[in-house]
Amino acid sequence: MARIGVLCAPACKLGPHDAFMDELQKFGWIEGTTIAIEWKSPDYHLDRLPALAADLVRSKPDLIVAFTPPAARAAKNATSDIPIVMLFVADPVGMGLASSLAHPGGNLTGVATLVPGGFNTKGLEIIRELLPEAKRVAVFINPANEIHRLLYPKEYPPGVAKFGFQLDLFELRDPAELPDAVATAKARGCRGFVCVV
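Analysis parameters
- Residues numbered from 1 in each chain as written.
- Predicted model: local features only at pLDDT ≥ 70, side-chain atom pairs only at ≥ 80, totals over all residues.
- Heavy atoms only, no water.
- pLDDT = per-residue confidence, 0-100.
- Helix = DSSP H or I, 4+ residues; strand = E, 2+ residues; numbered from the N terminus.
- Buried < 20%, exposed > 50% of the residue type's maximum accessible area, 1.4 Å probe, protein only.
- Contact = heavy atoms within 4.5 Å.
- Polar contact = N/O pair within 3.5 Å; in protein donor to acceptor, adjacent residues only side chain to side chain.
- Pairing = 2+ DSSP bridges.
- Axes fitted to C-alpha atoms, helices over the stretch in contact; angles between N-to-C directions.

Participant: What am I meant to see in the confidence of the model for the protein here?
Facilitator: Detailed conclusions should not be drawn from predicted coordinates in areas where pLDDT is low. For the protein, the average pLDDT comes to 86, and 88% of its residues sit at 70 or higher. Confidence, read as mean pLDDT per element, is least for helix H5 (residues 146-163) in the protein (70) and greatest for helix H2 (residues 49-58) (97).

Written out as structure tokens, the structure reads:
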């Protein structure tokens, strides 16, 4: 039976999990019947990813699937032998995970969900179209997620300037912080919200 190790961040049981399982089933890969899947998730504690990736490598799966940039980074750092498929990874070249989009190199391949240069600006444009009177926008980021550190300084300021928004940046390290952050943003007059885990 083929064995797949899945490393998810922040958590496995989110929307992408169902899509992943549905696609496997379309090809006749059924968990527990034709394939064995070992799931590993830090449950929003991204500092646990290196240890979880090392656990997966020790179990010697045929393939590792890594959801999101932090999981892909942890998997890549844990093995140069086991093939890794990254999913929901923004700008893998900018993050140093891949040599290029066409030829990622090494044992890693997958799908880039974002290429820098306007992705977040488009989100702000949609907020402007939906809420033309909005003056302030709140952006919630997780500073432990390296893609947020890469994208915030490059991507948001041009869009904010273009559409005349004042930006309120909130750094959240735990999902439990979100309700208070939303309440604070509302009290400051934010009408639009962008939330990325």
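From this point on, the discussion continues.
Participant: Would you mind showing me how to read the environment of Trp29 here?
Facilitator: Relative to the helices and strands, Trp29 is located in the loop between helix H1 (15-26) and strand E2 (35-40). Given the relative accessible area of 38%, Trp29 is considered partly exposed. For the pair Trp29 and Ala2, spaced 27 residues apart in the sequence, the C-alpha separation amounts to 9.3 Å. Once residues lying within four places of it in the same chain are set aside, the contact partners of Trp29 are Ala2, Leu24, Thr34 and Ile35.

Participant: Even after reading the chapter, I still don't get the side chain of Arg136, so can you show me in this structure?
Facilitator: You can see Arg136 is positioned in strand E6 (residues 136-141). A polar atom in the side chain of Arg136 sits 3.4 Å from the backbone oxygen of Arg188. In this structure Arg136 touches Gln166, Asp168, Arg188, Gly189, Cys190, Arg191 and Gly192, once residues within four positions along its chain are discounted.

Participant: Is there a simple way to think about the sheet that holds strand E7 (residues 166-171) in this case?
Facilitator: Picture the strands of a sheet paired through backbone hydrogen bonds; they go either parallel or antiparallel. Within the open sheet, the three strands sit side by side as E7-E6-E8. Their pairing is parallel. At either margin of the open sheet sits one strand with a lone partner, and together these are E7 and strand E8 (190-195). The mean angle between the axes of side-by-side strands here comes to 25°, regardless of whether they run parallel or antiparallel. As defined by bridge partners, E6 adjoins E8 across five bridges and the pair is classed as parallel. By the bridge assignment, Phe140 is partnered in E8 with Cys195. Packing against the sheet, helix H6 (residues 178-187) makes contact with E6, E7 and E8, and its axis sits at approximately 150° to E8.

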